[in-house]
Amino acid sequence: MNPTQALVAIWLNVDAENHEEFRKWHNCEHSTDRMDGPGFRVGYRYNAVDAGANHNILCTFEGDTLSAFESDYYKESRDNPSPWTRECMAFIKNAERAVYSLQVSIGEPHRYDAPYVYMVSPNPETEEMKEEMIAWYREEHLERLYEVEGMTRGRVYQLETAATGGATAEAEIQETTRSARRIIAIYDMEDPTIPTTDAWEEAAYGTSRSAAMRPNLKNAVRETWWLDFVKWKRG
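Residues numbered from 1 in each chain as written. Predicted model: local features only at pLDDT ≥ 70, side-chain atom pairs only at ≥ 80, totals over all residues. Heavy atoms only, no water.

Trainee: For this particular structure, what's the right way to read the layout of surface pockets?
Mentor: Using a probe with the size of a water molecule, rolled over the atoms, empty space left in the structure can be pinpointed. Of the volumes computed, that of the largest pocket is approximately 160 Å³. Lining the largest pocket are 14 residues, with Y118, W200, A204, Y205 and R222 sitting closest to its centre. Looking at the lining of the largest pocket, the elements with two or more residues in it are β5 (116-121), α4 (127-146) and α7 (198-205). Of the residues contributing to the lining of the largest pocket, the split by class is ten nonpolar, one polar and three charged. (1 Å grid on protein atoms, 1.4 Å probe; cavity = no way out; pocket = protein on both sides within 12 Å on 5 of 7 lines; lining within 4 Å. Points joined across faces, edges and corners; volume = space filled by probe spheres on them. Helix = DSSP H or I, 4+ residues; strand = E, 2+ residues; numbered from the N terminus. Nonpolar A, V, L, I, M, F, W, Y, C, P; charged D, E, K, R; others polar.)

Structural data, given as structure tokens:
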């Protein structure tokens, strides 16, 4: 199976009293509506492991290419939400959304989806630093982390501002802001504690190149998520 080349990520908050209705809508209507779009392959929903995280839910949809998030179908869907969508999107607070393109990956999806993902969102200050950071992931960093036991896949994406798009009816209901996360690194994991281990620390920063890069990661957002729902497109 060829890896998907694009991803839309939505970070959001839903209060406890609305969480069950939100999950039901996302499972039964919203994910199907999205997966019916051309080029969509899989959608995930995660809950935050840390109760103090900035967002308590992460939703991602992966597309074969960026065109999945630029199709007439997708734009029409985002501009014409159903009554149930309007109701449940009104539960959403502090939504943050962006479209990304895959820059480097390692490992293949297993026969089951990983129960956890660890996401690191660096904030490189310049375009030059962004390119240097992606090269570091490609040439050294991702491979070293992949060797840590329990880490089953790694991917690095860069922000695609044009594909992220502008205002839509859905974005207005959710009061969505465009994410400023210029890079996201997603690690599929068997255990949420892996990033706290000595093995991870050594793999992450145990070379001179990684040690030199470390100060540029000081403002990175680090989040651990557990898998709540997944829907694959068959065929």
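Now, onward.
Trainee: Looking at this structure, I do not really get the pairing of strand β8 (residues 183-189). What am I missing?
Mentor: On a regular strand, one side chain projects to one face of the sheet and the next to the other, so that they alternate. Counting buried positions along β8 gives seven out of seven residues, so the element sits mostly inside the fold. Side chains of β8 alternate between two faces, with I183, A185, Y187 and M189 and I184, I186 and D188 buried alike. Sheet analysis places β5 next to β8, joined by five bridges and oriented antiparallel. Following the sheet pairing, V117 is matched in β8 by D188. Sheet topology note: the strand β6 (residues 151-159)/β8 ladder contains seven bridges and is antiparallel. (Buried < 20%, exposed > 50% of the residue type's maximum accessible area, 1.4 Å probe, protein only. Pairing = 2+ DSSP bridges.)

Trainee: Sorry, what's going on with empty space enclosed by the protein here?
Mentor: A full pass over the atoms with the stated rule returns six cavities of 30 Å³ or more. Looking at the largest cavity, it is lined by 16 residues, and the ones nearest its centre are I10, H30, R34, M89 and Q174. Put simply, the parts of the chain that give the lining of the largest cavity at least two residues each are β1 (6-14), α1 (16-35), β3 (57-63), α2 (72-79), β4 (92-106) and α6 (169-174). For the lining of the largest cavity, the element with the most residues is α1, which contributes five residues. Looking at the lining of the largest cavity residue by residue, the classes come out as nine nonpolar, three polar and four charged.

Trainee: Help me understand the environment of A199 in this model?
Mentor: By the element assignment, A199 lies in helix α7. On the basis of relative accessibility, which here comes to 45%, the residue A199 falls in the partly exposed class. Along the backbone, A199 and E21 are 178 residues apart, and their C-alpha atoms lie at a distance of 40 Å.

Trainee: Could you clarify how one ought to interpret unusual backbone geometry in this entry?
Mentor: A negative phi angle is the norm for most residues apart from glycine, just as the trans form is the norm for most peptide bonds. One non-glycine residue, N94, lies in positive phi territory at about 55°. Topologically, N94 is positioned in strand β4. Positive phi outside glycine occurs at E175, with the angle close to 55°. Its place among the elements puts E175 in the loop between α6 and β7 (177-178). Judged by its relative accessible area of 63%, E175 falls in the exposed class.

Trainee: Would you explain the pattern of salt bridges in this entry?
Mentor: Opposite charge on two side chains makes pairing possible when the charged atoms of those side chains draw close. In the structure shown here, the tally under the stated rule is 18 salt bridges. One salt bridge connects D33 with R34, and the closest N-O pair in it is separated by 3.1 Å. The partly exposed category is assigned to D33, whose relative accessible area is 26%. What makes R34 buried here is its relative accessible area of 5%. Between R209 and E139 there is a salt bridge, with its nearest N and O atoms 2.9 Å apart. Of this pair, R209 sits in helix α8 (residues 208-213) while E139 sits in helix α4, placing them 70 residues apart in sequence. R209 gets classed as partly exposed once you look at its relative accessible area, which sits at 31%. A relative accessible area of 51% places E139 in the exposed class. Look at the salt bridges and you will find they share partners, linking E20, R23, R45 and D228 into a network. (Salt bridge = Lys/Arg side-chain N within 4 Å of Asp/Glu carboxyl O.)

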